[in-house]
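# Structural overview
Residues per chain are reported as follows:
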Amino acid sequence: MKFNTKTIHGGQEHDPAFGSVMPPIYQTSTYAQSTPGGHKGYEYSRTHNPTRNALEKSFASIENGKYGLAFGSGLAAIDAVIKLLKPGDEVVSTNDLYGGTYRLFTKIYEDFGIKFHFIGMESASKMESYINNNTKLIWVETPTNPMMNVIDIVSVSEIAKKHDILLAVDNTFATPYLQQPLELGADIVMHSATKYLGGHSDVVMGALVVKDDQLAERLYFIQNASGAVCGPQDSFLVLRGIKTLHVRMQRHCENGRAVAEYLNNHPKIEKVYWPGFKSHPNHNVAKTQMKDFGGMVSFTTKGNNYEEAIRIVENLKVFTLAESLGGVESLAGHPASMTHASIPKEEREKSGVVDSLIRLSVGIEDEDDLINDLKQAIG
Ligand SMILES: *Cc1c(COP(=O)(O)O)cnc(C)c1O
């Protein structure tokens, strides 16, 4: 089955009770038993729920994995992966990382005796100097947020395999439409399904997908034992979202390209961060490992003026000023005052998050309306 069919049918069966084409929302915590242990595969909804299971099969199918797991948020999914580790273990991670992931690693798990190294992953040899016998996990996010750096998953996976280390990839920005990390050598794919998989800014959810039987068993144990699962209503919404993932992504990419090119030619714009430009430092890696370049675009204005950036995001009318990304509607954010406000100025500027940086999640509205909106807001 090809990707554009898997989004709709992958892992799905019509409901056996009445043949409903969409799985019903099984809004139940428990399941009747005829005799103790006499049940139909479902006992308690933290452990299993038919609507969630349908979604988990869809996750596995679209990421070319064998097992999918759904969680109450993206961070709950990441939390489950870190629970594979023990005190003394070390993790090598992307430095330009989603802020919530960084907070979970440093503010929660460092206290449990896990050591994290945050490094630029553009050079494989540099990465190896951070690996030792305690290294158990490599955590990669690509493209990164908000600087749109691209990391070569195949090269990282070769290092992971050589040292027998698990490789997890946060695939939230790319989605499996653009990039399939398990095919590129990763062991675990993670998503904030809140973003493109759900696609409609109406649900918070996380996902993991793996191929290996034993790894899946350990993660299912953690999912049930820690209990950060999502509910059946949310499972239904994300399952519905995934059915249009391929058509939405196609339009996100087209509009993302149009917006990136418009900004690149604008006299007031200093720099546009979008991996589709030949001048992007990781363009060739992006071209090889991704099918297209996505709908996330960041830019800075000439003079790097904080107030001007605020004025632009306030003036936007079709783009909504909001955190998050990946929905059908276009959003704009100002990292220095929003998502990255808690990071000291000198720290954030080292990774490129300067005062005038604006991040766009380009939606699937008409391209002309998006460009006219940017035109009037930038002036
Ligand atoms: C949003 C996001 C997360 C966290 O997911 P939640 O669903 O908000 O918990 C993790 N990684 C990336 C890249 C994200 O954009």
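Bear in mind the structure is a predicted one, so any value in this text is a computation, not a measurement. (Residues numbered from 1 in each chain as written. Predicted model: local features only at pLDDT ≥ 70, side-chain atom pairs only at ≥ 80, totals over all residues. Heavy atoms only, no water.)

Before going further, it helps to examine the nonpolar core. Grouped burial of nonpolar side chains is what soluble globular proteins tend to show. Residues Phe59, Leu263, Leu360 and Leu374 are the most contacted members of the largest nonpolar core, which totals 63 residues. No other element matches the eight residues that helix H10 (residues 245–264) contributes to this core. Split by domain, the residues of this core number at least three in each of domain 1 (3–242) and domain 2 (245–378). The contacts of Leu263, once residues within four sequence positions are left out, are Ile269, Val272, Val297, Phe299, Leu360, Leu374 and Ile378. Ranked by size, the runner-up nonpolar core spans 28 residues in total, among them Phe71, Ile78, Ala168 and Val210. (Core = buried A, V, L, I, M, F, W, Y, C linked by side-chain atoms within 4.5 Å. Buried < 20%, exposed > 50% of the residue type's maximum accessible area, 1.4 Å probe, protein only. Helix = DSSP H or I, 4+ residues; strand = E, 2+ residues; numbered from the N terminus. Domains from an automatic or database assignment. Contact = heavy atoms within 4.5 Å.)

All chains considered together, the criterion is met by 13 salt bridges. Here Asp89 makes a salt bridge to Lys136, at a shortest N to O gap of 3.2 Å. A residue pair is termed long-range when its members are at least 10 positions apart, and Asp89 in the loop between helix H3 (74–82) and strand E2 (90–94) and Lys136 in strand E4 (residues 135–141) qualify at 47 residues. In this structure Lys136 comes out as partly exposed when scored by relative accessible area, which is 32%. A salt bridge links Arg251 to Glu254; the nearest nitrogen and oxygen atoms lie 3.7 Å apart. Here the residue Arg251 and the residue Glu254 both occupy positions in helix H10, the gap between them amounting to three residues, near one helical turn. Taking relative accessible area as the criterion, Arg251 reaches 37% and is therefore assigned partly exposed. (Salt bridge = Lys/Arg side-chain N within 4 Å of Asp/Glu carboxyl O.)

Turning next to a negative patch on the surface. A grouping of Asp366, Glu367, Asp368 and Asp369 is seen on the molecular surface, where their side chains present a negatively charged patch. Overall, Asp368 belongs to the partly exposed group, its relative accessible area being 49%. (Patch = residues over 30% accessible without salt bridge, like charges linked within 9 Å, V, L, I, M, F, W, Y side chains within 5 Å. Areas by Shrake-Rupley, 256 points an atom, 1.4 Å probe, with all protein chains shown as cover. Lys, Arg positive; Asp, Glu negative; His and termini not counted. Charge placed at Lys NZ, Arg CZ, Asp CG, Glu CD.)

Moving on, we get to the sheet that holds strand E12 (residues 358–361). If you walk across this open sheet you meet the five strands as E8-E9-E12-E11-E10, and the pairing is mixed. Two strands close off the open sheet at either side, each with one partner strand: strand E8 (269–273) and strand E10 (320–321). Sheet topology note: the strand E9 (residues 296–301)/E12 ladder contains four bridges and is antiparallel. What sits directly across from Ser298, in E12, is Arg359. (Pairing = 2+ DSSP bridges.)

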